[in-house]
Structures are given as C-alpha cells and as structure tokens.
Amino acid sequence: VIEEVSFFSKLLKAVSFTYKIISSAEATSNNANLTGILFGTRGKGKNIEEIIFNARTKGLSEETKKTLVLGSYVLQEENQEKTFLNAQRIRRLIVDKINSLFEYYDGFIIPVTDQNNYLAIANFGGYPSITIPINTKSLAINITGPILKDSEVLNMAYKIEEYFAKGSDLNV
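Keep in mind it's a predicted model, so treat the numbers as computed, not measured.

Enquirer: What is the right way to read the sheet that holds strand β1 (residues 108-112) from this model?
Expert: Strand pairing in a sheet is mediated by backbone hydrogen bonds. Such pairs are either parallel or antiparallel. Pairing is antiparallel in the open sheet, where three strands are placed in the order β1-β3-β2. Across the chains shown, the open sheet's two edge strands, defined by having one partner strand only, are β1 and β2 (129-133). Each neighbouring strand pair of the sheet contributes to a mean axis angle of 25 degrees, computed without reference to strand direction. Here β2 runs beside strand β3 (residues 140-144); their pairing, made up of five bridges, is antiparallel. Bridge pairing in β3 links P133 to A140. Contacting β1, β2 and β3, helix α6 (residues 150-165) crosses the sheet at an angle of about 10 degrees to β2.

Enquirer: What am I meant to see in the side chain of N142 here?
Expert: Take N142: it is sitting in strand β3. Residue classification places N142 among the buried positions, given a relative accessible area of 2%. At a separation of 2.9 Å, a polar atom in the side chain of N142 contacts the side chain of T131. Leave out the neighbours within four places in its chain, and N142 touches F108, I109, I110, V112, L119, S129, I130 and T131.

Cut-off values and rules
- Along each chain, numbering runs from 1 in the same order as the chain's sequence is written.
- Per-residue local features of the predicted model are confined to residues with pLDDT of at least 70, and side-chain atom pairs are confined, for both listing and counting, to 80 or more; whole-chain, interface and lining totals are unaffected and use all residues.
- Side-chain metrics rest on all non-hydrogen atoms present in the structure, leaving aside hydrogens and water.
- Two strands pair under a simple rule: DSSP has to find at least two bridges between them.
- Secondary structure elements follow DSSP: runs of H or I of four or more residues count as helices, runs of E of two or more count as strands, with numbering from the N terminus.
- With axes taken as lines fitted to C-alpha atoms, and helix axes fitted only over the stretch in contact, angles between N-to-C directions fall between 0 and 180 degrees.
- Working rule for contacts: check all heavy atoms of both residues, and any pair within 4.5 Å makes them a contact.
- Burial status follows relative accessibility: with a 1.4 Å probe on protein chains alone, a residue under 20% of its type maximum counts as buried, one over 50% as exposed, and anything between as partly exposed.
- Any N or O atom pair separated by 3.5 Å or less is treated as a polar contact, with the protein-specific requirement of one donor-capable and one acceptor-capable atom, and with residues adjacent in sequence counted only for side-chain atom pairs.

Next comes the structure, spelled out in structure tokens:
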C-alpha cells in the first residue's frame with residue numbers, strides 16, 4: 001500500500017545545505033593528514049610549507065578545493081557553533097522525523113531529480129536506500145527504508161520494477 005505523506009517542508013529545504021556543511025567538514029577532517037610529507041602525493045617545493053601547499057593544491061579540482069575550504073571554515077573554533085554544530089542539530093531533527101515515519105511505514109519513495117538532494121537523507125541516518133529507473137522518460141525514484149531492513153528495501157524495488165516492466169506507467 002502506498003500512501004502520500006507530507007514531510008515538514010522546512011526540514012526538506014535544509015537537507016542540501018546541511019549535507020554540504022557536514023560532508024565538507026568530514027572531507028577536510030579525513031584529508032587533513034595528506035601533507036605530502038608522510039601521506040599523500042609528494043609536492044615539490046623549496047621548503048615544507050611549499051611542499052604541503054603544492055601537495056594540497058596541485059591535481060585537485062576546483063570543486064574539491066571549494067569543499068575543503070568550506071570544511072576548514074566550518075571547523076574553525078569561532079565558526080563551529082554557528083555552522084557545523086547547527087548542521088548536526090538539523091541532521092538530528094531530520095533523522096528523528098524519518099525514524100518517526102518508520103514507526104508506521106516500511107519505507108518511503110521520493111522522486112529523483114536534479115533539483116533535489118533528498119538522497120542525502122539516507123546518508124544522515126545510515127538507512128538502506130536504492131534508486132531505480134521507472135520508465136523511459138528518464139524518471140527515477142528512490143526507496144529508503146529503516147536501518148537493517150536492506151532486504152525489505154530491495155524487495156520493494158523489485159516489486160516496483162516488476163510493476164513497470166509489465167508496461168504500467170505513472171501519471172507524470
């Protein structure tokens with residue numbers, strides 16, 4: 001049985017921003033040891049500062065550099081409360097809301113478009129999630145379920161794929 005459920009729109013609007021802050025901080029933290037001295041590609045330079053600078057800038061895409069700069073910014077002591085810790089609080093609100101939905105539902109289905117970043121919700125809570133195409137119009141849906149219910153999510157995906165393989169279509 002599929003039911004339409006409204007999700008708190010303010011939380012949905014915060015997903016993309018929250019994900020960007022937390023993932024940037026994690027990327028920066030996880031790559032902090034890549035100095036080109038003990039870890040990472042050895043940079044060229046006349047001194048340690050040049051070697052580290054070159055190791056951390058050469059060969060990185062502009063997007064990666066932006067991510068690492070944002071991560072460094074949100075992890076600075078004076079910015080942590082306003083940015084990183086608030087993003088963690090918002091993530092907790094989103095996960096709590098999703099967990100409350102899982103008290104009544106086996107999973108949720110959302111459309112996948114390039115305009116939303118709701119797929120990050122699965123990352124926030126460690127939920128099993130799968131995205132499948134559903135017709136020839138390049139439309140896809142994402143199915144997310146409760147923690148440790150991977151097989152149920154796969155079963156839902158199988159049934160939905162089976163439904164559309166029979167020639168059924170959504171009214172989109």
